[in-house]
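# Coordinates in review
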Protein chains: 2
Amino acid sequence: MVNQKYYGLGTAPSGIRALFAYGLEQAKIVGPENVFDYSLGNPSIPAPAKVNEAIADLAQNYDSIKLHGYSVAAGHEDVRQAIADNLNERFDVNAKASELFMTCGCAPALVSVAKALTTSTDDEFIAIAPFFPEYHVFFTCDGAQLKVVPADTEHFQINFAELEKIITKNTKAVIVNSPNNPSGVVYTEETLTKMAALLTEKGKEFGHPIYIIADEPYRELVYGDVKVPFIPTIYDNTIVCYSWSKSLSLPGERIGYVFVGEKCEMWDEVFNSIVGAAREIGSVCPPTLIQKVIGRCVGEMPNLEAYDENRQLLFNSLSEMGYEMAKPDGAFYMFVKAPNGDAVAFSEKAKLEHNLLVVPGDGFECPGYFRLSYCVSNDMIKRSLPAFKAMIESYK
Amino acid sequence: MVNQKYYGLGTAPSGIRALFAYGLEQAKIVGPENVFDYSLGNPSIPAPAKVNEAIADLAQNYDSIKLHGYSVAAGHEDVRQAIADNLNERFDVNAKASELFMTCGCAPALVSVAKALTTSTDDEFIAIAPFFPEYHVFFTCDGAQLKVVPADTEHFQINFAELEKIITKNTKAVIVNSPNNPSGVVYTEETLTKMAALLTEKGKEFGHPIYIIADEPYRELVYGDVKVPFIPTIYDNTIVCYSWSKSLSLPGERIGYVFVGEKCEMWDEVFNSIVGAAREIGSVCPPTLIQKVIGRCVGEMPNLEAYDENRQLLFNSLSEMGYEMAKPDGAFYMFVKAPNGDAVAFSEKAKLEHNLLVVPGDGFECPGYFRLSYCVSNDMIKRSLPAFKAMIESYK
């Protein structure tokens, strides 16, 4: 009587959520100060003050009917223009309001893009391990296949030999997530240029464009002087999916966009199919109050000091203890090698013996590593260090 | 390369939007006071003051991380409890927070329900004319069929002889939209009791439940002493899709819910399949600030005086001129018989000769009638009356 795929999705336990729930229960028993929860990627810095000021001002001083009324499906034009202007200030891209389609966060953006590009169950999307597990749900939603390039566990850039092998005539797009969840690695300009060349060549070989889908919720979360290249400036056939969940600490407000530049091959078809797919999934318009807030706050950058302090403390402390990991330049994740190579066992032992909650990389299709979400208090990190130390020593 | 269904949906002209755009252009030529636009169903009364007060207070005084952080997919439990309490105060239903799944408005609620109940391309949903054209998009999204019961043009209740004929072993659900868009009619307790009996009987005959999907964005918009029965109190196998778009004048904020009571047959399967379908369309959680606002304002009722004044003025004036229509007890629509039976020609003539914009009923699968959205200024109605008079006289 009901759809078994959806029943499965509705009842499937999420390992990450289960860890988080375990932590809450343990906190009642051993005290919250003795639980070290690195499971969830929920921002731990508040939204910039200007965001909440804008919300209050709009509620108090803006016409209520206009504020809360429907916008067009793509989002208010003035807001999209502000986003385009901001992109143009930062990147050499010549973005226009008409190239932006705002969405209720990144998830429906990715779903709409997946649907727009899926024309047959032979179609293939390529994900590069390690990657966000929900890609399995989003990119197969209309029956396409998700193919996986194994992780480059040396630098967590891209394993090009494997990528080249996996591209076929059925490849619709390669999904690129940088700064990366779960590795925290930023793909370099060199990596992306190499990918652009490969996809251009393969596109010619197969007679159709192979798109990059750039999943960029962590774009603004980057440390030191590392730069995150804007992929449409490197490869025209790029579809950007963005969200302010992390950059403005607004994950619950569900606001993001799809950007497809007119230089993208078959722009009209690609853009309008995304619009149509969004219509089918019931995306009438993105939340309008938050749209207006974005229009006013699009130039705000997150205050990353707290995350950066956490990153350095954790990276330095863990490295000193003997843990190995890729250099975490962005997002708020670190992806650490499990001492004996079995991250599931490490995670279980850390949980039971130390109330130290870390997520095994298996769900990200990269076994042998575990993810730490360091969007937590600096104090918790300090308190957790003896547990990390005890764990690695237990393997010696 | 792209999905043609979605490309079609993304580029299909909406007749209603086209009329609205025509009105804006004409306003520049003849002046806005000479355009009489009854095309769009956008609320014209502001949100209750308490709504905007709650928004400002939350932005100024609530912890930003908690306010804007992810909620669980179903929505914050305290908010769902407030909704359940409100339902229980008004209806004999014993609703629980765990029976509610909050959504980004009614559209993704309907899509998730359609997906949850679709297991095969033989599956059928039944819509009762006249109905919201987007049902065609939502209910066929996973390949099911949408079957249509022709309108009961006498009372705009339900043509039971036709409904009975159309139900087959493949029928998954009947969609009920009351107060109705476009007719403004409220289905009586008698109508709904009769439907419950029919679906119970047919469910037994075919050996599986036939659900009612109650699409209720207009529930609170009802005039005089007319009551809108809460269908789960009449028929256990009811899935309610609700939105605050109209009742709190928040259409752009995208907030609503699905309610499935545990008394519903196969509750666990139905509820969790809806959860899973919502996950697949990227509904991570409903916007959290507005969730909290709903938690505080769920008991607020709209101030319908302005709509009711419009309704009475329009109904009395048009009736006096000789127009015929069903009694519009709810929503903010009237569905009027075209004088010579051709609503498309009437709409075109009214537009070209009088800048009077009315929507032909053909898109609602009820030709020969046109829809008036009276969520407009009372003044515009007064100014438009000579145009209505001239139109009906031109047919005499």
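Residues numbered from 1 in each chain as written. Chains lettered and ligands numbered in written order. Predicted model: local features only at pLDDT ≥ 70, side-chain atom pairs only at ≥ 80, totals over all residues. Heavy atoms only, no water.

The name an unreviewed UniProt entry assigns to chain A is Pyridoxal phosphate-dependent aminotransferase, from the organism Mogibacterium kristiansenii.

### Section: the overall build of chain A
Applicable threshold: The way it works is that DSSP assigns letters per residue, a run of H or I at least four long becomes a helix, a run of E at least two long becomes a strand, and they are numbered from the N terminus. Atoms counted for the radius of gyration: C-alpha only. Globule rule: 2.2 Å times residue count to the power 0.38. Burial here depends on accessible area, computed with a 1.4 Å probe over protein chains only, as a share of the maximum for the residue type. Under 20% is buried, over 50% is exposed, and the range in between is partly exposed. Contacts are residue-level and defined by heavy atoms, with any inter-residue pair within 4.5 Å sufficient. Note on areas: these come from Shrake-Rupley sampling with a 1.4 Å probe, and a residue is covered only by the protein chains present in the view. His is not counted, nor are the chain ends, whereas Lys and Arg count as positive and Asp and Glu as negative. All charge positions are set by atom: Lys at NZ, Arg at CZ, Asp at CG, Glu at CD.
When helices and strands are counted, chain A shows 14 helices and twelve strands. Over its C-alpha atoms chain A spans a radius of gyration of 21 Å, differing by no more than 12% from the 21 Å that the globule rule assigns to 396 residues. Looking at chain A as a whole, 62% of its 396 residues are labelled buried. Considering only contacts in chain A between residues 6 or more positions apart, those separated by 24 or more positions represent 76%. With an accessible surface of roughly 14,300 Å², chain A has 51% of that area assigned to carbon and sulfur atoms. Taking the average location of the 34 positive side-chain charges in chain A and that of its 50 negative ones, the two points are 2 Å from each other.

### As for the domain arrangement of chain A
All names here are of chain A. Here is the rule: These domain limits were set by an automatic method or by a database of domain assignments. The term buried area means the drop in 1.4 Å probe accessible area that two parts suffer when joined, counted for both and summed.
You can read the domains of chain A as domain 1 (4-47 + 303-394) and domain 2 (69-297). The C-alpha-based centres of domain 1 and domain 2 are spaced at 27 Å. The interface is formed by 29 residues belonging to domain 1 together with 34 residues belonging to domain 2. Together domain 1 and domain 2 conceal approximately 2,300 Å² of surface at their shared face, both sides included; 66% is due to carbon and sulfur atoms. When the area that domain 1 buries against domain 2 is broken down by residue, the three leading residues are Asp329, Phe364 and Glu365, summing to 23%.

### Details of the pattern of salt bridges
Residues and elements named next belong to chain A. Heads up, the condition is: Just to be clear on terms, a salt bridge is a Lys or Arg side-chain nitrogen sitting within 4 Å of an Asp or Glu carboxyl oxygen.
Enumeration according to the criterion identifies 42 salt bridges over all chains in this entry. Between lysine 50 and glutamate 300 there is a salt bridge, and its shortest N-O distance comes to 4.0 Å. Taken together, the positions of lysine 50 in helix α3 (residues 49-61) and glutamate 300 in the loop between α11 (288-297) and α12 (305-321) put the pair 250 residues apart, joining distant regions of the chain. On the basis of relative accessibility, which here comes to 38%, the residue lysine 50 falls in the partly exposed class. For the salt bridge of glutamate 220 with arginine 90, the shortest nitrogen-to-oxygen distance reads 2.3 Å. With glutamate 220 in the loop between β6 (211-215) and β7 (238-243) and arginine 90 in helix α5 (residues 77-90), this residue pair connects regions lying 130 residues apart in the sequence. Arginine 90 sits in the partly exposed class, given a relative accessible area of 31%.

### Re the relation of the copies chain A and chain B
What counts here: Our superposition of the copies is a least-squares fit, built on the C-alpha atoms of residues whose pLDDT is at least 70 in both.
With an axial shift of 0.0 Å and an RMSD of 0.0 Å, the rotation relating chain A to chain B amounts to 180 degrees. With respect to symmetry, the two chain copies, as superposed, fit the operation of a two-fold axis. For chain A, the smallest separation between a C-alpha atom and the rotation axis is recorded for Ala56(A), amounting to 2.1 Å. Counting the interface residues of chain A, we find that 100% of their copies in chain B are interface residues as well, pointing to one common contact surface.

### Considerations on the sheet that holds strand β3 (residues 124-128) of chain A
Residue and element names in this part refer to chain A. Keep this limit in mind: A pair of strands is labelled paired if DSSP reports no fewer than 2 bridges between them. For every element, the axis is a line fit to its C-alpha atoms; helices are fit only across the contacting stretch, and the angle between N-to-C directions ranges from 0 to 180 degrees.
An order of β2-β8-β7-β6-β5-β3-β4 is seen for the seven strands of this open sheet, with the pairing classed as mixed. With one partner strand each, in any of the chains shown, β2 (100-103) and β4 (145-149) form the two edges of the open sheet. Taken pair by pair, the neighbouring strands of this sheet meet at an average axis angle of 20 degrees, ignoring direction. Sheet contacts for α5: β2 and β8 (256-260); angle to β2, the most-contacted strand, approximately 115 degrees. Packing of helix α9 (residues 189-206) onto the sheet brings it into contact with β3, β5 (171-176) and β6, and relative to β5 it is tilted by some 175 degrees.

### What about the interface of chain A and chain B?
Basically, it comes down to this: Under the rule applied, a polar contact is a pair of N or O atoms within 3.5 Å (in protein, one hydrogen donor and one hydrogen acceptor; residues adjacent in sequence only if both atoms are side-chain atoms). Ten residue types, Ala, Val, Leu, Ile, Met, Phe, Trp, Tyr, Cys and Pro, are classed as nonpolar, four, Asp, Glu, Lys and Arg, as charged, and the remainder, Gly among them, as polar.
The interface of chain A with chain B comprises 72 residues on the first partner and 72 residues on the second. Taken together, the two surfaces of chain A and chain B that pack against each other cover about 6,100 Å², and 58% of this comes from carbon and sulfur. For chain A, the biggest contributors to the area lost against chain B are Met1(A), Tyr70(A) and Glu280(A); these three give 14% of the whole. Where chain A packs against chain B, one counts four salt bridges. Residue Glu280(A) is joined to Lys5(B) by a salt bridge in which the shortest nitrogen-to-oxygen separation is 2.7 Å. Put simply, chain A and chain B have 38 residue pairs in polar contact (both at pLDDT 80 or more) between them. For the side of chain A that touches chain B, the elements supplying multiple residues, two or more each, are α1 (4-11), α3, α4 (64-68), α6 (106-117), α7 (135-139), α10 (267-280) and α11 of chain A. Top element by residues in the side of chain A that touches chain B is α10(A). It accounts for ten residues. Here the side of chain A that touches chain B is built from residues that sort into 38 nonpolar, 22 polar and twelve charged.

### Examining the UniProt feature "domain: Aminotransferase class I/classII large" (unreviewed entry) in chain A
This is how it is decided: UniProt positions are given in the numbering used here, feature names are shortened, and annotations may be inferred rather than shown by experiment.
In this numbering, the UniProt entry assigns the feature "domain: Aminotransferase class I/classII large" (unreviewed entry) to residues 41-384 of chain A. The distance separating the terminal C-alpha atoms of residues 41-384 of chain A is 18 Å; by composition the span is 39% helix and 15% strand.

### Some details on the packing of α6(A) against α10(A)
Residues and elements named next belong to chain A. Cut-off, in case you're wondering: If you view the pair so one helix is near and one far, a crossing is left-handed when the near helix is turned anticlockwise from the far one by less than a right angle, and right-handed when it is turned clockwise.
Close contact between α6 and α10 brings their axes to 8 Å; oriented N to C, the two are set at 115 degrees. The element α6 and its partner α10 pack so that their crossing is right-handed. Across the interface between the two elements, Ser112, Val113, Lys115 and Ala116 from α6 touch Val270, Ser273, Ile274, Ala277, Ala278 and Glu280 from α10. Of the residues in the contact of α6 with α10, the class split is six nonpolar, two polar and two charged.

### Regarding the nonpolar core
Cut-off, in case you're wondering: Here, the term nonpolar core denotes a set of buried Ala, Val, Leu, Ile, Met, Phe, Trp, Tyr and Cys residues that are joined through side-chain atoms within 4.5 Å.
By size, the foremost hydrophobic cluster in this structure holds 113 residues, and its most contacted members are Phe125(A), Phe139(A), Phe125(B) and Phe139(B). Once you skip the residues sitting within four places of it in the chain, Phe125(A) turns out to touch Ala114(A), Leu117(A), Thr118(A), Phe139(A), Ala144(A), Gln145(A), Leu146(A), Lys147(A), Lys172(A), Ala173(A), Ile175(A) and Ile213(A). By size, the runner-up hydrophobic cluster in this structure holds 108 residues, among which are Ala196(A), Tyr235(A), Ala59(B) and Trp244(B).

### Observations regarding the side chain of Asn180(A)
All names here are of chain A. Assignment of secondary structure puts asparagine 180 in the loop between β5 and α9. With relative accessibility at 2%, the residue asparagine 180 sits in the buried group. Look past the residues within four positions of asparagine 180 in its chain and what remains in contact with it is Pro130, Val185, Tyr187, Ala331 and Tyr333.

### Quick look at the pairing of β8(A)
Residues and elements named next belong to chain A. Counting buried residues along β8, five of its five residues qualify, which places the element largely inside the surrounding structure. Taking every second residue as pointing to the same face, both faces of β8 are buried, with Gly256, Val258 and Val260 on one and Tyr257 and Phe259 on the other. Summarising the sheet, β2 and β8 pair through four bridges and their orientation is antiparallel. Its bridge partner lying in β8, leucine 100 is registered against phenylalanine 259. Note that β7 and β8 share five bridges and pair antiparallel.

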